[in-house]
Amino acid sequence: LYSDDSQVRDRMRLAIGPRPAADLQVEFVEASDYAECVRLVDDYEIDLMVLDGEATPGGGIGIARQIKDDRVDAPPTCVVIARAADRWLAAYAQVDGTLLHPLDPVTTGQTVAGLLRSHAAA
């Protein structure tokens, strides 16, 4: 989970939950800035990055694009955005999924489960 705001990370973690689907259990690692986010991708086997598109100074869309550009084995990315109109920007950044603030736990769980399953099948 990436956001510069710990409350946003808490909301993302709660919306995803420890079991986004009956067959999936997740463990979270958190980053509050760009450097920490990159370090986590370097140091851990990350199955999915959930990024705050509204984070500052480095937004989740920019981080997603940078990681996709820098790595052939980049994990799938899901960006939480505030405006549905920002989906085009997320698509340009090669984001694999988007969610809208405020997070709906059902939609969030379904999206995260789908991305985790598709990554596992690849």
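It should be noted that the structure appears before, not after, this text.
Summarised in this report is the structure supplied together with it. (Residues numbered from 1 in each chain as written. Predicted model: local features only at pLDDT ≥ 70, side-chain atom pairs only at ≥ 80, totals over all residues. Heavy atoms only, no water.)

**With respect to the nonpolar core**
Counted only if it meets this: Here, nonpolar core refers to any group of buried Ala, Val, Leu, Ile, Met, Phe, Trp, Tyr and Cys residues whose side-chain atoms link them within 4.5 Å. Remark: exposure states derive from per-residue accessible area (1.4 Å probe, protein chains only) relative to the maximum for the residue type, with buried under 20%, exposed over 50%, and partly exposed in between. Helical segments are the DSSP runs of H or I of at least four residues, strand segments are the runs of E of at least two, and each set is numbered from the N terminus. Contact between two residues is taken to exist if any of their heavy atoms lie within 4.5 Å; hydrogens are not considered.
Within the largest apolar cluster, 19 residues are counted, with the highest numbers of intra-cluster contacts made by Tyr2, Cys37, Met49, Leu51, Ile63 and Val79. Sorting the residues of this core by element identifies α2 (34-43), β1 (49-52), α3 (60-70) and β2 (77-81) as the ones contributing at least two each. With residues near it in sequence (within four places) discarded, Cys37 still touches Tyr2, Ala31, Met49, Leu51 and Ile63.

**A few points about the pattern of salt bridges**
Selection rule: Any Lys or Arg side-chain nitrogen located within 4 Å of an Asp or Glu carboxyl oxygen qualifies as a salt bridge.
Evaluation of the coordinates by the stated rule reveals 10 salt bridges. The partner of Arg9 in a salt bridge is Glu30, and the shortest N-O contact between them spans 2.9 Å. With Arg9 in helix α1 (residues 6-16) and Glu30 in the loop between α1 and α2, the pair connects residues that are 21 residues apart, well separated along the chain. Taking the relative accessible area as the measure of exposure, Arg9 reaches 11% and is therefore buried. Residue classification places Glu30 among the partly exposed residues on the basis of a relative accessible area of 27%.

In short, the description is geometric, and any link to function would need to be established separately.
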